[in-house]
Amino acid sequence: MAEVLVLVEQSGGVVKKVTAELLTVAARLGTPAAVWAGPGVEAGRGRLAEFGAAKVYVADSADFADYVVAPKAELLAQLVASASPAAVLIAGSPEGKEVAGRLAVKTGAGVLTDAVDVAAGPDGSALVSHANFGGSVNVRARVKSGLAIITVRPNAVAAEASAGEAPLVPAEFAASGAAKAARVVSREAAARSARPDLQEAQVIVSGGRGTGSAGGFRVIEDLADALGAAVGASRAVTDAGWYPHAFQVGQTGKTVSPQLYTAVGISGAIQHRAGMQTSKTIIAINKDPEAPIFEIADFGVVGDLFAVVPQLIEEIAKRKG
Ligand SMILES: Cc1cc2nc3c(=O)[nH]c(=O)nc-3n(C[C@H](O)[C@H](O)[C@H](O)COP(=O)(O)OP(=O)(O)OC[C@H]3O[C@@H](n4cnc5c(N)ncnc54)[C@H](O)[C@@H]3O)c2cc1C
């Protein structure tokens, strides 16, 4: 079986959950081969093996940290030439999408972005599912000739453990002059809350304009903390400055696909739905029974969020004992 390359997303040697999801998809299409760009592979190798990596290509170069995304695209292009994989899978993060686009240009391959599922078609090639226009249109697509480059939305596919050997295969790599055109000159770690990462979270509580103010939005944080959830927000909230833009969900914000998405005081505009419609279960709390969010909700509560949410928090606390 041909190899399927998986570009590993990791931070300080800690492999991100989306990489396990990509390895699961890769096993459906061929032999999963992880690609590790940068130092620290020893820390992450165990997790790659746990999710079925048959091998791990390692390019231990500082260029990946120093020169933004271009070197990663070059490394993948080099491996495409030497390993002739059936497909390349990349996380559907902003960085991953840029790597995919650059790789497609370098290899002349077809690129399919923001997949919510990937299956093997009758001929073994990748059949890629997309949820378009805010999830109102489901599309299946495949690359008709040669290599397929696919970015997969985090949390869209369940990662399945499957033992792999994960031997390390060194990949000689030196970034070209062109890939070094833009250099990272400094880094500042973003302030991290104790809450889960928005795009990796299994449970998200999102608040909208219905919260009324930055002070009113605190009720969203309280519910999120009661559930051990990540906090999200509609654009109305982030534009008003009630919560940082980094937490915006939607077309011009983050795309999320948790097990549970609770939309509180959010109307359900198409641009918001575009970022959360593929959540497995959706709960809506809104005082307007006609709010469009109820069209896609699995459970809905019609009521004033300032009355409903505190009761919900109290009930959760009781059940936790
Ligand atoms: C190009 C473009 C890109 C966009 N990208 C995004 C995006 O990425 N993400 C995004 O979210 N939006 C985006 N928008 C904006 C989008 O169109 C909506 O304006 C926005 O999502 C509305 O946010 P909201 O639901 O919080 O506010 P509103 O639409 O004002 O809805 C507020 C809701 O709260 C309810 N409510 C009010 N008070 C209470 C209460 N006390 N208790 C319970 N319910 C209450 C109301 O009934 C209402 O349904 C984009 C728009 C454009 C044009």
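Heads up: the structure comes first, above all this text.
Conventions adopted
Residues numbered from 1 in each chain as written. Predicted model: local features only at pLDDT ≥ 70, side-chain atom pairs only at ≥ 80, totals over all residues. Heavy atoms only, no water. Helix = DSSP H or I, 4+ residues; strand = E, 2+ residues; numbered from the N terminus. Buried < 20%, exposed > 50% of the residue type's maximum accessible area, 1.4 Å probe, protein only. Salt bridge = Lys/Arg side-chain N within 4 Å of Asp/Glu carboxyl O. Contact = heavy atoms within 4.5 Å. Near = heavy atom within 4 Å. Polar contact = N/O pair within 3.5 Å; in protein donor to acceptor, adjacent residues only side chain to side chain. Areas by Shrake-Rupley, 256 points an atom, 1.4 Å probe, with all protein chains shown as cover. Nonpolar A, V, L, I, M, F, W, Y, C, P; charged D, E, K, R; others polar. Phe/Tyr/Trp six-rings, centres within 6.5 Å; stacked < 30°, edge-to-face > 60°. Pairing = 2+ DSSP bridges. Axes fitted to C-alpha atoms, helices over the stretch in contact; angles between N-to-C directions.

This brings us to the environment of Ser-176. As for its position among the elements, Ser-176 is in the loop between β12 (168-170) and β13 (203-207). Residue Ser-176 is classed as partly exposed on the basis of its relative accessible area, which comes to 27%.

With that settled, the discussion passes to the pattern of salt bridges. This structure, assessed with the given rule, holds 13 salt bridges. Two residues, Arg-183 and Asp-66, come together in a salt bridge whose shortest N-O distance is 3.8 Å. One end of the pair, Arg-183, is in the loop between β12 and β13; the other, Asp-66, is in helix α3 (residues 63-66), and 117 residues separate them in sequence. Asp-66 sits in the partly exposed class, given a relative accessible area of 25%. Here the salt bridges do not stand alone but share partners, grouping Arg-195, Glu-221 and Asp-225 into one network.

Next up on the list: the side chain of Ser-234. You can see Ser-234 is positioned in the loop between β14 (230-233) and α7 (235-239). Relative accessible area serves as the criterion here: at 8%, Ser-234 is assigned to the buried category. For Ser-234, the contacting residues outside a window of four places in its chain are Gly-207, Gly-208, Arg-209, Gln-248, Ile-266 and His-272.

This brings us to the site of the ligand. Around the ligand sit 24 residues in total, of which Arg-209, Ser-234, Thr-252, Ser-267 and Asn-286 are the nearest. For the ligand, an oxygen atom lies 2.6 Å from a polar atom in the side chain of Ser-234. Between Gly-265 and the ligand, the recorded distance is 3.0 Å, taken from a backbone N or O atom to an oxygen atom. Alone, the ligand offers 980 Å² of accessible surface; in the complex the protein occludes 75% of this. Breaking the shell around the ligand down by element, the ones donating at least two residues are α7 and α8 (270-273). Partitioning the shell around the ligand into residue classes produces five nonpolar, 14 polar and five charged.

What follows covers the packing of aromatic side chains. Under the definition given, this model contains three aromatic pairs. Relative to Phe-173, the ring of Phe-64 lies with its centre 5.1 Å away and its plane at 15 degrees, an arrangement referred to as stacked. Of this pair, Phe-64 sits in helix α3 while Phe-173 sits in the loop between β12 and β13, placing them 109 residues apart in sequence. Judged by its relative accessible area of 7%, Phe-64 is buried. The exposure class of Phe-173 is buried, given its relative accessible area of 14%.

What follows is about the sheet that holds strand β16 (residues 281-286). Taken together, five strands build an open sheet; the order of strands is β14-β13-β15-β16-β17 and the sheet is parallel. Only two strands of the sheet have a single partner each, and these edge strands are β14 and β17 (299-302). With direction set aside, neighbouring strand axes in the sheet form an average angle of 15 degrees. Note that β16 and β17 share four bridges and pair parallel. Along β17, the bridge assignment pairs Asn-286 with Val-302. Across the face of the sheet, helix α6 (residues 218-227) comes into contact with β13, β14 and β15 (260-264) while running at roughly 170 degrees to β13. Set on the sheet, helix α10 (residues 305-320) makes contact with β15, β16 and β17; between it and β16 the angle comes to about 130 degrees.

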